[in-house]
Amino acid sequence: MIYLIIWIVLCILIGSLASSKGRSFFGYFLLSAILSPLIGLLILLVSGEAQQKVPPGSQKKCPACAEMIKAEALVCKHCGHHQEKTSEELPGHSENEYSEVKSKSGLDL
Ligand SMILES: [Zn+2]
């Protein structure tokens, strides 16, 4: 009986640890209960490390406040700075259009 209580307590520990890492409490609780708290802990540790790795190109640094924001973000969530589209997303028209407008208006800025 005491082993069952220890087992459940360990499962709850794994579950709360998982939820603190932004993962499903019940998912890891059930996983630990069915398989083993040790296996639940191992899976949590392995997947926790994998989550920390940011896929390349998914985030960029805000030029205004130097905080990491999503690459698709148009406005910085930290400071509200409007993000310019990266050169990868634009097919290179902006530079040509800008110089065209400059020459048409006769202004040399
Ligand atoms: Zn910012």
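Preceding this section is the structure that the text describes.
Residues numbered from 1 in each chain as written. Predicted model: local features only at pLDDT ≥ 70, side-chain atom pairs only at ≥ 80, totals over all residues.

Draft legend 1. Just unusual backbone geometry, in detail. The backbone of Ala66 sits at a positive phi, close to 65°, despite the residue not being glycine. Examined against the element boundaries, Ala66 turns out to sit in the loop between strand S1 (59-61) and strand S2 (68-70). Given 9 C-beta atoms within a 10 Å radius, Ala66 is considered exposed. (Helix = DSSP H or I, 4+ residues; strand = E, 2+ residues; numbered from the N terminus. Buried ≥ 20, exposed ≤ 12 C-beta atoms within 10 Å, placed from the backbone.)

Draft legend 2. The packing of helix H1 (residues 2-20) against helix H2 (residues 25-34), seen in detail. Axis separation between H1 and H2 bottoms out at 8 Å; the angle between their running directions is 150°. H1 and H2 meet at a crossing whose hand is right-handed. Across the interface between the two elements, Leu10, Cys11, Ile12, Ile14, Gly15, Ser16, Ala18 and Ser19 from H1 touch Phe25, Phe26, Tyr28, Phe29, Ser32 and Ala33 from H2. Looking at side-chain class alone, the contact of H1 with H2 contains 10 nonpolar, four polar and no charged residues. (Axes fitted to C-alpha atoms, helices over the stretch in contact; angles between N-to-C directions. Left-handed = near helix turned anticlockwise from the far one by under 90°. Contact = placed C-beta atoms within 7 Å. Nonpolar A, V, L, I, M, F, W, Y, C, P; charged D, E, K, R; others polar.)

Draft legend 3. Layout of the environment of Lys70. With respect to the helices and strands, the residue Lys70 is situated in strand S2. Between the alpha carbons of Lys70 and Ser58 there is a distance of 6.0 Å; along the sequence they are 12 residues apart. Residue contacts for Lys70: discarding those within four places in its chain leaves Ser58 and Gln59.

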